[in-house]
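In case you want the letters, here they are:
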Amino acid sequence: MNDKTAAYDVIVAGAGPTGLMLAGELALAGVRCRVVERREDRTRESRALGLHGRTMEVLNMRGVADEVLARANPIPRVRVSLGHSLFDMGELATDYGQLTIIPQGETEEVLEKRATALGVVVDRGVSLTDCRQDGGLVHCTLEQDGRTWQESASYLVGCDGSRSRVREAMGADFTGATYPYTIIVADVKLGTPLDDQLLIRVGRAGLVVATDFGNGWYRMGVIDREKPWSDDPVTLAEVDQTLAKLFGRDMRPSEPLWTSRFHIQERQASFYRQGRMLIAGDAAHVHSPLGGQGLNLGIQDAMNLGWKLAAVINGRAADDILDTYALERRRVSQGVIKVTDIATRMMTSDKLPARVARKAVMTVASRIPRTHKVAVGHLSGIATRYPSMSSAVGASPLVGTRVPDLRIAGHGGPRHLHEVLRHGGFVLIERGDGAPVLPSAAEGEGILLRLRGRIVADSGPWSEPEVVLVRPDGYCAWAGPRSRAQELSLAYRRWIQD
Ligand SMILES: Cc1cc2nc3c(=O)[nH]c(=O)nc-3n(C[C@H](O)[C@H](O)[C@H](O)COP(=O)(O)OP(=O)(O)OC[C@H]3O[C@@H](n4cnc5c(N)ncnc54)[C@H](O)[C@@H]3O)c2cc1C
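Calculation criteria
- The numbers attached to residues start from 1 for each chain and follow its sequence in the written order.
- Given that the model is predicted, a residue must reach a pLDDT of at least 70 before its local features are reported, and side-chain atom pairs must reach 80 or more before they are shown or counted; all residues, however, enter totals for whole chains, interfaces and linings.
- Derived side-chain values reflect all non-hydrogen atoms in the structure, with water molecules and hydrogen atoms excluded from consideration.
- Grouping buried Ala, Val, Leu, Ile, Met, Phe, Trp, Tyr and Cys residues that are joined through side-chain atoms within 4.5 Å yields what is termed a nonpolar core.
- For the exposure calls, accessible area comes from a 1.4 Å probe over protein chains only, and a residue counts as buried if that area is under 20% of its type's maximum, exposed if over 50%, partly exposed in between.
- Secondary structure counts use DSSP, requiring at least four H or I residues in a row for a helix and at least two E residues in a row for a strand, with both numbered from the N terminus.
- Each domain's limits were defined by an automated method or a database of domain assignments.
- Contact between two residues is taken to exist if any of their heavy atoms lie within 4.5 Å; hydrogens are not considered.
- Helix axes use the C-alpha atoms of the stretch in contact, all axes being lines fitted to C-alpha atoms, and the angles between their N-to-C directions lie in the range 0 to 180 degrees.
- Roughly parallel here means an angle under 35 degrees, roughly antiparallel means over 145, roughly perpendicular means 65 to 115, and every remaining angle is called oblique.
- Each crossing gets its hand from how the near helix is turned against the far one by less than a right angle, where anticlockwise is left-handed and clockwise is right-handed.
- UniProt positions are given in the numbering used here, feature names are shortened, and annotations may be inferred rather than shown by experiment.
- Strand pairing is assigned whenever DSSP detects at least two bridges linking the two strands.
- Geometry of aromatic contacts follows a simple scheme: Phe, Tyr and Trp rings, the Trp one being its six-membered ring, pair when their centres are within 6.5 Å, and the pair is stacked under 30 degrees between planes, edge-to-face over 60, tilted otherwise.
- To sit over a ring, a charge needs its Lys NZ or Arg CZ within 6 Å of the ring centre and within 35 degrees of the ring normal.

Student: So what about the nonpolar core? Which residues, and what values?
Tutor: One finds Ile429 and Leu469 to be the most contacted residues of the largest nonpolar core, which totals 110 residues. Sort the elements by how many residues they give to this core and helix 7 (residues 294-313) lands first, with twelve residues. If you count residues domain by domain, this core takes at least three from each of domain 1 (8-49 + 103-173 + 270-344) and domain 3 (387-493). Each residue touching Ile429, except ones within four places of it in the same chain, is listed here: Leu406, Ile408, Leu417, Leu451, Ile455, Glu466, Val467, Val468 and Val470. Grouped together as the second largest cluster of nonpolar side chains are 29 residues, Phe87, Met347, Ala365 and Ile382 included.

See below:
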């Protein structure tokens, strides 16, 4: 429960994509939330530029996907220059079978607009310098222009990036490693056009990921094997020479909008929660940028944590529900760290076994329909599931998986599940006209919304169960026949006290 003596229920440190998404989720549930951000302005660097299919679904569940799409360049296919490999996101069973290319600053702008419209206060130029918790409060020391003061809240969430102050205060380790090479990133125009909108080119000289912003500029992300480590500022001449070496022809880069050189790390926090302090996004995990997962993971962390923290603050759940956030999300980031590490090592090594392996792996992964489906499912986040949700004996295999945007034909006309989820609560889908299952006091308070009707269109396994309970973050909490309504009730009350 929250302490009404504090001005805010939650202080979020950091107005990056994770902090802004989380703040929006909390405000949607009526939680008083304040974001403090060290920087005066939103980032103008393009940084993370690809939103994967599941992230777009999540943004649609909150009504902002169209605004993102209006600013973006959707790219359905990734070509890898090994064995003519092509990964086609268009084959995914989602409305967002693509990588949605949009500079990070614009994604943040959309998320901030949503959060502030819901009443979130974003204070820029304010740093969190210290924090400690006692009793029912977290006390934060804030600093702006040399002035420091204290503010307290019921919870503090550190979305404050890889050097997180909150993680440090929690005493969590950030174990992992730094790779022995640096990456050059350059947003440039190209005098020599590319045939592909998204190309990963791998050769003896190194690796380049070329991404088309759709407005004349390309993002070139480069690892140069001949110059693996440097801290020098990036020059256009260096980009020109490196690209010529990697493409085997003069690419004629010009008009650099942004260049940078950064070190790649893979690290994960030893725990995500200590009492009333939590961490999310880069504060909790960092990994190789190959696969473009960083920002996507942060948004999914926020989506998972937001409704749970709101339920605790609103007195609808016990605080141990917060441990399920770490349980579910640590496993996902562990998987991403592992896979991106293997891919990065395989793609950047010049040793013969690695060269043979990467060609074989890419060919198998892209050409065999089954492995292609698995690869794009994981890359897009569509295949992400939370096995710990399905621990009950006899639980449907659908429990813990993402629920697609089912079309439900009911009395009020067809509804799209992901649009219905925009209210931020649970959705109970009941097929047929039998007596309503799961009577809930929370119904009518926006915590549970009932949809009665028939699941239409080709919905695969989702057409079978008579009842499907969907969590606010779009994952299946229960699925089965009406006759097992008692199990449904238990599954619901695992999350929400009625
Ligand atoms: C140069 C660069 C290029 C990248 N390219 C890609 C890419 O191509 N694809 C990809 O997926 N990812 C990429 N990333 C990673 C991606 O940007 C991150 O994964 C993503 O930004 C994580 O979001 P976040 O909100 O968790 O953290 P951040 O975006 O780091 O946001 C943290 C925020 O907290 C603020 N903050 C920090 N400390 C404090 C404090 N004490 N008090 C108040 N505020 C504080 C910071 O100013 C910042 O605004 C790149 C990162 C960098 C640095």
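Student: Account for the packing of helix 1 (residues 17-28) against helix 7, with residues named and values stated.
Tutor: One can describe the packing of helix 1 onto helix 7 by two numbers: an axis separation of 8 Å at closest approach and a directional angle of 25 degrees. The angle between the axes of helix 1 and helix 7 places the two elements in the roughly parallel class. Relative to helix 7, helix 1 is oriented so that their crossing is right-handed. Of the residues in helix 7, those touching helix 1 at Pro17, Thr18, Met21, Leu22, Glu25 and Leu26 are Leu295, Gly298, Ile299, Ala302, Met303, Leu305, Gly306, Leu309 and Ala310.

Student: A description of the side chain of Asn73 should follow, citing residues and the corresponding values.
Tutor: Checked against the element boundaries, Asn73 lands in strand 4 (residues 73-75). We classify Asn73 as buried; its relative accessible area is 13%. Each residue touching Asn73, except ones within four places of it in the same chain, is listed here: Leu99, Thr100, Ile101, Gln197, Asp212, Phe213 and Gly214.

Student: A description of the UniProt feature "domain: FAD-binding" (unreviewed entry) in the protein chain should follow, citing residues and the corresponding values.
Tutor: When the UniProt feature table is mapped to this numbering, "domain: FAD-binding" (unreviewed entry) covers residues 8-338. When the span residues 8-338 is considered, its composition is 29% helix and 36% strand, and the gap between its end C-alpha atoms is 38 Å.

Student: So what about the pairing of strand 14 (residues 206-212)? Which residues, and what values?
Tutor: Across the seven residues that make up strand 14, a large majority, six, are buried. Pairing geometry for strand 13 (residues 198-203) and strand 14, over six bridges, is antiparallel. Across the sheet, Gly203 pairs through a bridge with Gly206, a residue of strand 14. The turn linking strand 13 back onto strand 14 is made up of two residues. Of the pairings in the sheet, the one linking strand 14 to strand 15 (residues 218-224) comprises seven bridges and is antiparallel in character. Directly across from Thr211, in strand 15, lies its bridge partner Arg219. Counting the residues between successive antiparallel strands, the hairpin from strand 14 to strand 15 contains five residues, one of them, Gly214, with a positive phi of roughly 85 degrees.

Student: Let's hear about the packing of aromatic side chains: which residues, and what values?
Tutor: Under the definition given, this model contains six aromatic pairs. Where Trp307 meets Phe426, the ring centres are 5.5 Å apart and the plane angle is 85 degrees; that geometry is what we call edge-to-face. Here Trp307, found in helix 7, pairs with Phe426, found in strand 22 (residues 426-430); they are 119 residues apart in sequence, far enough to count as distant. By the burial criterion, Trp307 is buried, and Phe426 matches it. Through a chain of ring-to-ring contacts, three or more aromatic side chains come together here, namely Trp307, Phe426, Tyr492 and Trp495. The cationic tip of Arg147 hangs over the ring face of Trp149; the distance from NZ or CZ to the ring centre is 4.3 Å. A cation over an aromatic ring shows up here: Arg471 above the ring of Trp495, its NZ or CZ 4.7 Å from the ring centre.

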